[in-house]
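Geometric and topological summary
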Amino acid sequence: MVDHYPLGLTGSDRVESAFGGGIPQGSIVLVEGEDGAGKSAISQRFSYGMAEEDVYVTYISTELASWEFVQQMHSLSYDVVDHLLGEQLLFLHADIDTHNDGQQRELLTRFTEATTLWQADVVFVDSLSALLRNDPRYEAVAGTGDEDHVLQRLVSFLRSVTEQDKTVIFTVDPTSVGDDALRPLRNVVDVYFQLETSSVGQEIRRNVRVRRFQNMKNPVDDSIGYTVQQGRGLSIVSRTVA
């Protein structure tokens, strides 16, 4: 039987119950959506809830510096200062603007070889697409149809990580990298969420389409509606059963 990492905050929101009671240990999770769809908000909510439940978390951001991460989390009522100071949560800013740094631009290699970040139970990467776009190996094959080779090497490494019951959660913007690059990852992930947004009048509706959820603890609806608000964070607003 597969164990699960809890998402916590059961007295504050319905996120854990909406997502089946937790994320399976030893899984690769893909959170896919275009810019502004809410990928970071979901990752931040998951990471905070896990840290609250004594799960050791590493959070890698390609956009936010450490102080910006703390401010962003605070604006969502996810106060992570104690978790950071207590080393329950390790935050790392991935500097992807390294075009003049020679071999240091091997971002995916540096990512897989950074042993400290892999000591956590759950590793969040927000976002993988930014790492890919700035990695020379990916840049060299972008548009040639050979992008999947870069991802195949990454997938092999990830499987060695998940064999230790560690879970890795990636966010990806599918408009910034080709389908050839994402296909190997989409094919092997254990949990696959696609984020959708639509406008109804002045309202923006956000939705998680559950494309795959292996080893779920409890049943999960195929579609999970949510909102993101300052001072409240992520809230579940509706469910649609297929």
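Preceding this section is the structure that the text describes.
Here's a quick rundown of the structure. All values reported here derive from a predicted model rather than from experimental measurement. (Residues numbered from 1 in each chain as written. Predicted model: local features only at pLDDT ≥ 70, side-chain atom pairs only at ≥ 80, totals over all residues. Heavy atoms only, no water.)

Each helix and strand counted, the protein chain has nine helices and 11 strands in total. For 242 residues, the compact-globule estimate of 2.2 N^0.38 gives 18 Å, and the C-alpha radius of gyration of the protein chain, at 17 Å, lies within 12% of that figure. Here the C-alpha coordinates of the protein chain stretch approximately 50 × 45 × 40 Å along the principal axes. In the protein chain, buried positions account for 51% of the 242 residues. (Helix = DSSP H or I, 4+ residues; strand = E, 2+ residues; numbered from the N terminus. Rg over C-alpha atoms; globule rule 2.2 N^0.38 Å. Buried < 20%, exposed > 50% of the residue type's maximum accessible area, 1.4 Å probe, protein only.)

Turning next to the side chain of Asp 135. Topologically, Asp 135 is positioned in the loop between helix H6 (128–133) and helix H7 (136–141). What makes Asp 135 buried here is its relative accessible area of 1%. Of note is the side chain of Asp 135, whose polar atom sits 2.9 Å from the backbone nitrogen of Leu 107. If we skip the residues at most four places from it in the chain, Asp 135 touches Arg 105, Glu 106, Leu 107 and Leu 108. (Polar contact = N/O pair within 3.5 Å; in protein donor to acceptor, adjacent residues only side chain to side chain. Contact = heavy atoms within 4.5 Å.)

Moving on: the nonpolar core. Core analysis: the biggest nonpolar cluster contains 40 residues, and Phe 19, Phe 46, Met 50, Phe 193 and Val 208 have the highest contact counts within it. Residue contributions to this core peak at five residues, all from helix H2 (residues 39–52). In this structure, Val 208 is in contact with Phe 19, Ile 42, Phe 193, Gln 194, Leu 195, Asp 222, Ser 223, Ile 224 and Tyr 226, ignoring residues within four places of it in sequence. The next biggest cluster of nonpolar side chains, apart from the first, holds 32 residues, and it includes Leu 30, Leu 132, Val 177 and Leu 182. (Core = buried A, V, L, I, M, F, W, Y, C linked by side-chain atoms within 4.5 Å.)

Quick look at unusual backbone geometry now. Going from Asp 126 to Ser 127, the amide bond is cis rather than trans, its omega being 20°. Among the structural elements, Ser 127 can be located in the loop between strand S6 (122–126) and H6. Non-glycine residue Asp 54 carries a positive phi angle of around 70°. With respect to the helices and strands, the residue Asp 54 is situated in the loop between H2 and strand S4 (57–61). One non-glycine residue, Asn 215, lies in the positive phi region at around 60°. Mapped onto the fold, Asn 215 is located in the loop between strand S9 (203–213) and strand S10 (223–229).

All chains considered together, the criterion is met by seven salt bridges. A salt bridge links Arg 186 to Glu 32; the shortest N-O distance between them is 2.9 Å. Placement of the pair is Arg 186 in helix H9 (residues 179–188) and Glu 32 in strand S3 (residues 28–32), with a sequence separation of 154 residues. Owing to a relative accessible area of 17%, Arg 186 belongs among the buried residues under this scheme. The partner of Asp 222 in a salt bridge is Arg 209, with the nearest N and O atoms 3.8 Å apart. Here Asp 222 is found in the loop between S9 and S10, whereas its partner Arg 209 is found in strand S9, with 13 residues between them in sequence. Given the relative accessible area of 25%, Arg 209 is considered partly exposed. Three or more residues joined by partner-sharing salt bridges are found here, namely Glu 32, Asp 179 and Arg 186. (Salt bridge = Lys/Arg side-chain N within 4 Å of Asp/Glu carboxyl O.)

Any two aromatic rings considered together are summarised by their centre-to-centre distance and by the angle between their planes. Tallied over the full model, the rule gives 11 aromatic pairs. With a centroid separation of 6.4 Å and 65° between ring planes, the pair formed by Phe 111 and Phe 170 is classed as edge-to-face. Taken together, the residues span a long stretch of sequence, with Phe 111 in helix H5 (residues 107–113) and Phe 170 in strand S7 (residues 167–172) at a distance of 59 residues. Of the two residues, Phe 111 and Phe 170, neither departs from the other in class, the shared state being buried. Ring-pair connections join several aromatic residues into one group, and the members of that group are Phe 19, Phe 46, Phe 193 and Phe 213. (Phe/Tyr/Trp six-rings, centres within 6.5 Å; stacked < 30°, edge-to-face > 60°.)

Let's shift gears to the environment of Asp 148. Mapped onto the fold, Asp 148 is located in helix H8 (residues 147–162). Sequence separation of Asp 148 and Leu 185 is 37 residues, and the distance between their C-alpha atoms is 8.8 Å. Sequence-distant contacts of Asp 148, defined by excluding residues within four places in its chain, comprise Asp 180, Ala 181 and Pro 184.

Following both chains from N to C, one finds H2 and helix H3 (residues 66–75) inclined at 85°, their axes separated by 11 Å at the closest point. Looking at the two axes, H2 sits roughly perpendicular to H3. Between H2, through Gln 44, Ser 47 and Tyr 48, and H3, the contact on the second element is made entirely by Phe 69, Gln 72 and Met 73. Here the residues of the contact of H2 with H3 sort into three nonpolar, three polar and no charged. (Axes fitted to C-alpha atoms, helices over the stretch in contact; angles between N-to-C directions. Parallel < 35°, antiparallel > 145°, perpendicular 65-115°, else oblique. Nonpolar A, V, L, I, M, F, W, Y, C, P; charged D, E, K, R; others polar.)

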